[in-house]
Amino acid sequence: MKKFLSILVFSFFLLGVSGQPASNKPVVNLPAERAALLLSKMSLSEKIAQMKNYSYEVIRPYVNEKGEVNTDSLKKYFPYGVGNIGLAFRLEPVFYVSVVNSLRKYNKSLKVNIPPLFIGEGLHGFMANGATVFPQANALGCTWDPDLLERIYTVTALEASARGVKQLFSPVLDLAREPRFGRSEEMYSEDAYLAAICGQAAVWGFQGRNGMPDANHVAATLKHFMGHGQPEGGRNVAPVSLSPYDLMNSHALPFEKAIQAGALSVMPSYNEINGLPNHANQWLMKDILRGKLGFSGLITADQDALREMYKTHNSVSSLAEAAMVGMSTGVDIDLRYTTGAYDELEGLVKSGHVSEKAIDKAVLRILTLKYILGLFDAKDVNPKEMLKVTNSASHKALALEAAQKSLVLLKNQGNTLPFDTATLKTVAVIGPLAKGVHFGGYTAEPRHGVDVLDGIRNFAKGRFDVLYAEGCKIALEESSFWNDGGQTPNNEADEARLMKEAVEVAGKSDVVVLALGETVAFSREAWGEEHLGDRENLDLIGNQNKLVTAILKTGKPVVVLMFGGRVLSFNDVAENVPAIVQVFYPGQEGGTAIADVLFGKVNPSGKLAVTIPKSVGQLPCFYSRKPSRMRSYIGFAGSKPLFPFGFGLSYTSFSYSEISIDKTKIAKTDSVKVSVKVSNTGQKAGDEVVQLYIRDKVSSAVRPVMELKDFTRIYLEPAQSKTVTFVITPDKLEYYNANLDKVIEPGAFEVMIGSNSEELKGISFEVMAP
């Protein structure tokens, strides 16, 4: 059985240890039992109120300057209470808490006292004013460190709980296989196994490991179910063209692993698959999610997704029909900005188009979750305690550790890095992303943190001087995830002035740090024509390549820091710049972490969680290709990517021995142990991520040429060696066949171990037929 059922087991445990009072009346302790008892006392209107999730905008007019709600207004517009709501991230922290406490108090005053469930975002930290900001999800994937991720999401849950938020719409388990897509930044990896391990760690961090979140944990919401990472043309909400076979063998794995970890909620995605919007797809929502994956928790619609079936997909003729479809596929909560499809439910029940039993099933799941989260017994949120834990010193230290581990050293020609601080006199920090912090999407604004310039200046104190020049602009406007509007290029005359200043600054310096890439305004969720975020190419924007050429002509050693929410095709940089660090968005402590790596305080250990293509012409470019995708292109680019999946350099070097194996013939139920000795052959201590890939050599349905199936991060001192042993359990050999049955087929399997997906040693074993 799936781990989600541990909630039910735990509820029975609570019932057993509490016993019965002397009166011999049964004690109702199970969350589901308490929910059923409450449900029996509710009217239809009260039930439907629980099935709506609002934005803060619906109550904002009725909140005073102290954060207190006007009860008379709420009784008029929300006579049956506010079931679920997300407050605005911009709210001042103490004001936020006041609104939470005030709204709870209002719901308590009603005939049926059901506390509101406050929801939020937790993609890379709790999205709220003043909260800790960790590296963006695509950077976290590059840490290859699930223990670190579990600690990050434990902190995220704590900071959210401290403000009364008990459900977070995270983690994102989509596969980052379409870098033109502006939401790629939200995804841990292109690889199903790595994304699954990250997702599992996130669920454990958010909820704890026993399936029953305590006062400091929250309900995780897996999104976006599923296939959302590969939209047509890389355009947000566009159709997804994936077969059931490919969906189940790649995109379903992260959700399956996270459901087994006990995830309490799932959010379907906006897109359609094979002609059906996901929210309306019975096969996807019932046969797969509820059936094969065994999920029994809450299903929350994406914002206005039920409405989109009517307004965008045109697959229904009215909001009422959208509501009927949502009920038929088991969508429990209609997440809307202000109004939505489930406003039609009461009329649909009374007209006989929706049964009240269907309503009861949804509301039972909602109330059960509220009991699991302890909302009915929760005390008022304490603003002093909230301020104490929000972005505390220990949380800042964790954000720094995460940023350090997320940085990927892509090139280090001639040991350009680390810079020798003993000989440096002046460092030039140049580039459009050198000044100002860049966090990516689903972050509260205004942003706070340490940027590249400040990070290097802080490190430089008492050591060397730092000069700064912008070099060029990506756009005239301040970058923002939230603000609508386009981005205006700078005029060429001003660009020439900025570049001239940068060359002068470089000429006065010993080394140059160039901060390039793209801001969140060019890589974000595109929710409208006034708010775009997808791109048709992966080139560096504006005059950044010209800036690189101009700086290289000075003859000074140059390192490029590559920022962005997606991988970019920076061929000229890769060919000509001696040192490159892939940064993505490193969070609030990013500038400090970057300085630590550049000047050798920290040895970089990040590995790419995505493949970097040479151009959009290579897309799709994920490493786990099918065997028939093997032809090269005409020209000089060839078929190899710019940088392969799993790649990342260190300031030291590592060697791998040949692989040993404990048996070469096994039954389907057996496990295999494979070992490799990894040695630090360099002069510095460092971390190495040892990666294991498997290929099913012959299969009844076509399998990839290799798939990541395990990895581990190890630390080695210079000249130290460690033997790493992996246990290949049966689940690492199984797949969904053409009939979507999970099988292990007899035959030969190749095991490959190495430092990335291209530098591998191999050995084979055979699964014997019964």
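Sequence order as written defines the numbering, with residues in each chain counted from 1. pLDDT decides what is reported in this predicted model: residues at 70 or higher carry local features, side-chain atom pairs at 80 or more are listed and counted, and totals for whole chains, interfaces and linings draw on all residues regardless. Only heavy atoms go into the side-chain values, all of them from the structure, while hydrogens and water stay out.

1. Examining the sheet that holds strand β1 (residues 52-55)
Formally: By definition, two strands form a pair when at least two bridges between them are found by DSSP. What counts as a helix is a DSSP run of H or I of at least four residues, what counts as a strand is a run of E of at least two, and both are numbered from the N terminus. The contact rule is simple, with two residues in contact once any of their heavy atoms fall within 4.5 Å. Lines fitted to the C-alpha atoms define the axes, with helices restricted to the stretch that makes contact. Angles between their N-to-C directions range from 0 to 180 degrees.
The strand order β9-β6-β5-β4-β3-β2-β1-β10 describes an open sheet built from eight strands, whose pairing is parallel. The open sheet is flanked by β9 (298-299) and β10 (334-335), the only strands paired with a single partner. Where strand β5 (residues 219-225) lies against strand β6 (residues 265-268), four bridges are found, and the strand directions are parallel. From the neighbouring strand, Phe 225 faces β6, where its bridge partner is Pro 268. Against the sheet, helix α8 (residues 192-207) makes contact with β4 (165-168) and β5, and its axis sits at roughly 150 degrees relative to β5, the strand it touches most.

2. Topic: the nonpolar core
The cut-off we apply is this: In plain words, nonpolar cores are sets of buried Ala, Val, Leu, Ile, Met, Phe, Trp, Tyr and Cys residues tied together by side-chain atoms within 4.5 Å. Accessibility here uses a 1.4 Å probe with only protein chains present; expressed as a share of the type maximum, an area under 20% marks a residue as buried, one over 50% as exposed, and anything in between as partly exposed.
Among the nonpolar cores identified, the biggest contains 189 residues, and Ile 59, Leu 87, Ile 359, Ile 430, Leu 514 and Phe 570 are the most heavily contacted of them. By residue number, the principal contributor to this core is α8, which donates nine residues. The residues touching Ile 430, leaving out its near neighbours within four places in the chain, are Ala 469, Glu 470, Gly 471, Ala 502, Val 505, Ala 506, Val 512, Val 513, Leu 514, Ala 515, Leu 547 and Ile 551. Core analysis: the next-biggest nonpolar cluster, separate from the first, contains 39 residues, Ala 460, Phe 464, Val 581 and Phe 599 among them.

3. Considering the pairing of strand β16 (residues 579-584)
Looking along a regular strand, one sees the side chains alternate between the two faces of the sheet. Of all six residues in β16, six are buried; the element is thus mostly enclosed. In β16, alternate side chains face the same way, and those of Ala 579, Val 581 and Val 583 on one face and Ile 580, Gln 582 and Phe 584 on the other are all buried. With four bridges joining them, strand β11 (residues 408-412) and β16 adopt antiparallel strand pairing. Residue pairing for β16: Leu 409 is matched across the bridge by Val 581. In this structure, strand β15 (residues 558-563) lies alongside β16, joined through five bridges in parallel fashion. Residue pairing across strands places Val 560 opposite Ile 580, the latter belonging to β16.

4. Here we look at empty space enclosed by the protein
Basically, it comes down to this: A cavity here means a set of 1 Å grid points, computed over protein atoms only, where a 1.4 Å probe fits but cannot escape. A pocket is an open set with protein on both sides within 12 Å along at least 5 of 7 lines, and lining residues have an atom within 4 Å of a point. Grid points are joined across faces, edges and corners, and a volume is the space filled by probe spheres set on the points. Residues are grouped as follows: Ala, Val, Leu, Ile, Met, Phe, Trp, Tyr, Cys and Pro are nonpolar; Asp, Glu, Lys and Arg are charged; every other residue, Gly included, is polar.
Tallied over the full model, the rule gives five cavities of 30 Å³ or more. Reported here for the largest cavity is a volume of approximately 140 Å³. The wall of the largest cavity is formed by 16 residues, among which Ala 176, Pro 179, Val 567, Val 610 and Thr 611 lie closest to the centre. Among the residues forming the lining of the largest cavity, the class breakdown is nine nonpolar, four polar and three charged. In this structure, the second largest cavity occupies an estimated 80 Å³ of space. Forming the walls of the second largest cavity are Ile 694, Arg 695, Asp 696, Arg 703, Pro 704, Glu 707, Lys 709, Lys 732, Leu 733, Glu 734, Tyr 735 and Phe 749. Of all the secondary-structure elements, those providing two or more residues to the lining of the second largest cavity are β21 (686-696) and β22 (707-716). Tallying contributions element by element places β21 first for the lining of the second largest cavity, with three residues. Each residue belonging to the lining of the second largest cavity can be placed in one class, and the counts come to five nonpolar, no polar and seven charged.

5. Looking at the layout of surface pockets
Counted as a void, the largest pocket has a volume near 1500 Å³. Lining the largest pocket are 48 residues; nearest its centre among them are Gln 303, Tyr 442, Trp 482, Glu 525 and Trp 527. Put simply, the parts of the chain that give the lining of the largest pocket at least two residues each are β1, β3 (117-120) and β5. For the lining of the largest pocket, the element with the highest residue contribution is β1, accounting for three residues.

6. Focus: the confidence of the model for the protein
Spelled out, the test is: Residue-level confidence of the predictor is what pLDDT reports, using numbers from 0 through 100.
Counting all residues, the mean pLDDT for the protein is 95, and 96% of those residues have values of 70 or more. Within the model, the stretch residues 1-25 combines pLDDT values under 50 with 39 contacts to residues more than four positions away or in other chains.

7. So, the state of the cysteines
Formally: Any two cysteine sulfur atoms lying within 2.5 Å of each other are counted as a disulfide.
Scanning the model with the defined rule gives zero disulfides in all. Cysteine Cys 198 shares no disulfide, and the gap to the nearest cysteine sulfur, in Cys 142, comes to 9.5 Å. Cys 621 takes part in no disulfide bond, and the closest cysteine sulfur, belonging to Cys 142, lies 15 Å away. Overall, Cys 621 belongs to the buried group, its relative accessible area being 11%.

8. Focus: the pairing of β3
Side chains Leu 117 and Ile 119 of β3 all project onto a buried face; the interleaved residues Phe 118 and Gly 120 project onto the opposite face, where all are buried too. Where β3 lies against β4, three bridges are found, and the strand directions are parallel. Bridge pairing in β4 places Ile 119 opposite Gln 167.

9. Notes on helix α5 (residues 93-108)
Here is the rule: Multiplying 1.5 Å by the residue count of a helix minus one yields the expected span of that helix. Here a polar contact is recorded for every N or O atom pair within 3.5 Å, except that within protein the pair must consist of a potential hydrogen donor and a potential acceptor, and residues adjacent in sequence are included only if both atoms are side-chain atoms.
Taking 1.5 Å per residue, 16 residues should reach 22 Å; α5 reaches 23 Å between its end C-alpha atoms and fits that length. Where α5 starts, the residue carrying a side-chain oxygen 3.1 Å from the main-chain nitrogen of Val 94 turns out to be Glu 92.

10. Comments concerning the environment of Phe 647
By secondary structure assignment, the location of Phe 647 is in the loop between α21 (590-598) and β17 (654-656). In this structure the C-alpha to C-alpha distance between Phe 647 and Glu 759, which are 112 residues apart in sequence, comes to 9.1 Å.

11. As for the pattern of salt bridges
Keep this limit in mind: Put simply, a salt bridge is a Lys or Arg side-chain nitrogen that is within 4 Å of an Asp or Glu carboxyl oxygen.
Counted under the stated rule, the structure contains 36 salt bridges. The residue Asp 343 makes a salt bridge to Arg 336 at a minimum N-O spacing of 3.2 Å. Linked through salt bridges whose partners overlap, the residues forming this network are Asp 145, Asp 147, Arg 151, Glu 401 and Lys 405.

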